[in-house]
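Chain by chain, the residues:
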Amino acid sequence: MSDSDSTSRIVPEEDRQGPPPPWRVEGLPDEPPQLAPRPSGVGLLPREPRFWIILLGLLLLNWFIYSWFAGGQGTARARVSYSQFRTEVDAGNVEEVTSVGSAIEGSFLTPVKLGIDAGVTVVLFRTERPSLGDDKVIDVLLAKGVTVNAQSLTRPVPFWQNLLFGFGPTVLLVGLFVVMFRRGGAGALTGMGRSRAKRVDNEPKRATFADVAGIDEAEDELIEIVDFLRNPERYQRLGATIPRGVLLSGPPGTGKTLLARAVAGEAGVPFFSLSASEFVEMIVGVGASRVRDLFEQAKKAAPAIMFIDELDAIGRARSSGAGLGGHDEREQTLNQILTEMDGFAGAAGVIVLAATNRPEILDPALLRPGRFDRHVVVNPPDIVGRRAILAVHSRQVPLDEDVDLAAVAASTPGMVGADLRNLVNEAALLAARRHRGSVCQADFTDAFDKVMLGTARAITVSPAERERTAVHESGHAVTGILMNPADPVRKVSIIPRGASLGVTLQAPAADRYDYDEAYLRGRIVMTLGGRAAEELVYGNVTTGAESDLEKVTQIARQMVGRWGMSAVIGPVAVLPRPGDGPLLPGVDATSPRTQELVDDEVRRILDECYVTALGLLADHRDRLEALARLLLERETLDEPDIYAAVGFARPGSSTAS
Ligand code: ADP
Ligand code: ZN
């Protein structure tokens with residue numbers, strides 16, 4: 001059973017996904033496509049299926065027209081035998097004949113039945129006159145009053161037909177190719193339509209500053225860049241140096257990519273983007289040359305913005321890092337980036353923006369003047385910012401009058417732009433699923449649960465397990481309320497979600513940037529409260545508290561090893577930052593003895609906190625059990641119910657100070 005708190009991060013939903021790597025472009029002017037060199041061996045003809053279908057269709061059409069005309073009227077005439085023809089002549093049933101060489105074409109007066117079952121009737125006929133001697137047919141015909149015509153053997157073909165059949169196919173083909181050339185520009189025969197489709201059909205709407213909210217300080221710092229891109233001459237005339245590289249740093253999902261896109265969008269310049277980690281992984285051995293290609297393209301399109309996401313993937317300090325495979329690759333790619341940036345003449349007009357959530361591990365060489373010498377910090381939004389971001393993302397969403405975005409913003413401390421976008425989207429999805437035309441506050445509340453607590457899972461839980469879960473979660477809630485009374489316990493639930501059987505959500509009322517020791521101990525006590533409650537009520541514990549233990553160990557180790565909150569260790573940083581980043585120079589020099597001391601101190605803190613939790617719950621056992629009972633009955637409790645059940649007053653206004 002685990003607990004969420006305000007720091008749990010919803011993985012930002014990836015909104016860019018991969019058309020052919022290694023980089024993406026948007027906002028290029030309509031000019032020859034920026035395709036990577038085409039694979040050799042592609043012939044002169046397009047590979048697009050549509051081309052071949054059109055060609056085939058035209059050829060077929062041509063053939064039909066030709067055979068229709070070339071067959072002439074002959075095709076519409078039935079062949080009759082010469083003797084039958086003579087019979088009809090004798091019967092006076094022939095109206096008119098035309099002799100064409102040895103053939104006779106003509107029409108009957110009344111339709112003649114032909115064939116075995118006389119199923120076909122014929123008016124227009126054609127027959128061949130045998131050369132068996134002169135049967136004086138002309139006399140008979142004239143005697144019977146038949147109109148007789150003659151036509152020369154080489155039947156004159158009308159001029160337009162000649163033209164059509166002689167030149168038609170050629171003209172059609174040539175026309176087709178001309179159209180293609182026109183549409184695709186040069187080179188279209190080899191990559192016809194592809195790049196064009198990319199630019200027009202797949203191009204996302206360009207971002208502007210109107211799409212960015214809640215990170216105004218970062219935005220302000222980039223406005224100057226927009227102005228430069230719009231009026232480069234003004235700056236150049238004054239000899240001002242324009243930054244070549246700007247480093248955006250901040251947690252994932254705060255909008256760094258969005259901000260970079262917005263700069264390009266506002267300035268109306270092309271936006272080249274690449275993700276450094278993709279770059280390294282994808283093209284082993286050619287990373288450096290691809291960097292060169294990319295810079296080449298960008299310079300050609302200048303003024304332009306180039307955006308390198310996850311710069312730390314290639315830009316981490318050279319002395320550290322994985323060191324195993326891919327190391328050289330990374331280093332070469334990094335070197336190439338540095339070389340390219342150094343090589344910019346002042347007027348190149350390409351500004352490189354890069355994003356990282358771990359600026360501290362970057363190679364210092366990247367941060368030298370002329371490279372990423374500007375540093376813009378993108379912080380998670382505060383309550384006002386969250387409200388603005390919610391407003392941006394609900395622009396297209398019809399909201400009920402009861403929706404209070406300010407309240408939603410107040411209840412989402414710690415969420416970043418990507419989380420908030422996700423929240424709005426979930427609320428809209430819920431409203432749609434509930435067949436409503438607009439989104440109401442309840443949709444937001446439920447979406448929040450889903451996003452924060454995970455989706456409810458339909459698994460069967462035995463009654464005994466369910467009861468134990470209720471006790472466990474109530475233990476978290478009661479200790480949480482007692483230890484950190486300022487942070488409201490917003491939700492307790494024993495509906496299984498994700499990997500856990502239950503959840504207790506205690507979120508800070510306001511945005512917090514610093515934690516003191518008492519607060520952190522409070523968190524540890526609260527997190528151990530579930531296990532303590534089980535021990536108190538049942539006399540034993542289950543495996544369910546595993547993730548609780550991991551979480552408290554992590555907090556305690558940081559208190560001791562990084563934040564100097566242990567008297568024994570003193571104010572010494574002896575632990576690396578979380579993740580695989582390097583220690584700052586000199587920090588990794590801890591002795592095994594110190595490490596042991598750290599372990600002892602962590603243990604001491606956790607033991608003390610566990611005793612505290614047990615004591616608190618023993619003192620307030622009635623509250624614990626009251627809450628557990630209500631929870632068994634209702635499964636999920638919101639803030640007012642929780643406080644009513646335990647008989648404590650809710651912390652003051654739940655909005656930020
Ligand atoms: P990052 O690059 O910092 O990880 P992104 O720019 O990729 O974050 O953010 C992902 C999405 O979240 C954006 O496309 C946008 O829809 C939303 N988002 C993030 N931050 C903001 C913000 N400050 N204002 C508006 N939308 C945001
Ligand atoms: Zn727990």
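Residues numbered from 1 in each chain as written. Chains lettered and ligands numbered in written order. Predicted model: local features only at pLDDT ≥ 70, side-chain atom pairs only at ≥ 80, totals over all residues. Heavy atoms only, no water.

A. A look at the sheet that holds strand β4 (residues 94-100). Across the sheet, five strands lie side by side as β3-β6-β5-β4-β7; this open sheet has mixed pairing. For this open sheet the edge positions go to β3 (78-79) and β7 (147-151), each flanked by a neighbour on one side alone. Strand direction decides the pairing type here: strand β5 (residues 103-114) and strand β6 (residues 120-128), joined by eight bridges, are antiparallel. Within β6, the residue paired with Gly106 across the bridge is Phe125. Relative to β5, helix α2 (residues 82-90) is tilted by about 70 degrees, and along the sheet it contacts β4, β5 and β6. (Pairing = 2+ DSSP bridges. Helix = DSSP H or I, 4+ residues; strand = E, 2+ residues; numbered from the N terminus. Contact = heavy atoms within 4.5 Å. Axes fitted to C-alpha atoms, helices over the stretch in contact; angles between N-to-C directions.)

B. Quick peek at the pattern of salt bridges. Scanning all chains against the criterion turns up 26 salt bridges. Across the pair Lys299 and Glu340 runs a salt bridge, and its minimum N-O distance is 3.9 Å. Here Glu340 lies in helix α13 (residues 327-343) and Lys299 lies in helix α11 (residues 287-300), a separation of 41 residues in the sequence. Take Glu340: its relative accessible area is 10%, and that puts it in the buried class. Taking the shortest distance from any N to any O, the salt bridge between Asp641 and Arg634 comes out at 3.0 Å. Given a relative accessible area of 28%, Asp641 falls into the partly exposed group. What emerges from the salt-bridge pattern is a single network uniting Glu517, Arg521, Glu601, Arg604 and Glu608. (Salt bridge = Lys/Arg side-chain N within 4 Å of Asp/Glu carboxyl O. Buried < 20%, exposed > 50% of the residue type's maximum accessible area, 1.4 Å probe, protein only.)

C. Structural detail: the nonpolar core. Of all hydrophobic cores here, the largest spans 40 residues; its most connected members are Val489, Ile524, Met559, Ile605, Leu627 and Ile642. Those elements giving two or more residues to this core turn out to be α18 (463-483), β13 (489-493), α19 (517-538), α20 (546-561), α21 (592-619), α22 (621-634) and α23 (639-646). In terms of residues, this core owes the most to one element, α21, which gives nine residues. With sequence-adjacent residues up to four places away left out, Leu627 is seen in contact with Ser474, Ala477, Val478, Leu637, Ile642, Ala645 and Val646. By size, the runner-up hydrophobic cluster in this structure holds 29 residues, among which are Phe209, Leu222, Leu248 and Ala355. (Core = buried A, V, L, I, M, F, W, Y, C linked by side-chain atoms within 4.5 Å.)

D. Geometry of a nonpolar patch on the surface. Together, Ile138, Leu142 and Val148 make up a nonpolar patch on the protein surface, roughly 240 Å² of accessible area in all. Mapping Ile138 onto the fold places it in helix α3 (residues 137-143). (Patch = residues over 30% accessible without salt bridge, like charges linked within 9 Å, V, L, I, M, F, W, Y side chains within 5 Å. Areas by Shrake-Rupley, 256 points an atom, 1.4 Å probe, with all protein chains shown as cover.)

E. Quick peek at the packing of helix α7 (residues 216-230) against helix α9 (residues 256-267). Across the interface, α7 lies against α9 with an axial gap of 9 Å and an inter-helix angle of 35 degrees. The two elements α7 and α9 meet at a crossing, and its hand is right-handed. Contacts from Ala218, Glu219, Leu222, Ile225, Val226, Leu229 and Arg230 in α7 reach Leu259, Val263, Glu266 and Ala267 in α9. Residues of the contact of α7 with α9, tallied by class, amount to eight nonpolar, no polar and three charged. (Left-handed = near helix turned anticlockwise from the far one by under 90°. Nonpolar A, V, L, I, M, F, W, Y, C, P; charged D, E, K, R; others polar.)

F. Up close: the sheet that holds strand β12 (residues 374-377). Here six strands make up an open sheet; going across it, the order is β2-β9-β10-β11-β8-β12 and the pairing mixed. At either end of the open sheet lies a strand with only one pairing partner, and these are β2 (24-26) and β12. Averaged over all pairs of adjacent strands, the angle between strand axes in this sheet comes to 20 degrees, irrespective of strand direction. Relative to strand β9 (residues 271-275), β2 is paired through three bridges, and the arrangement is antiparallel. Its bridge partner lying in β9, Arg24 is registered against Ser273. Sitting on the sheet, α9 touches β2, β8 (245-249), β9, β10 (304-309) and β11 (350-356), and the angle it makes with β10 is about 170 degrees.

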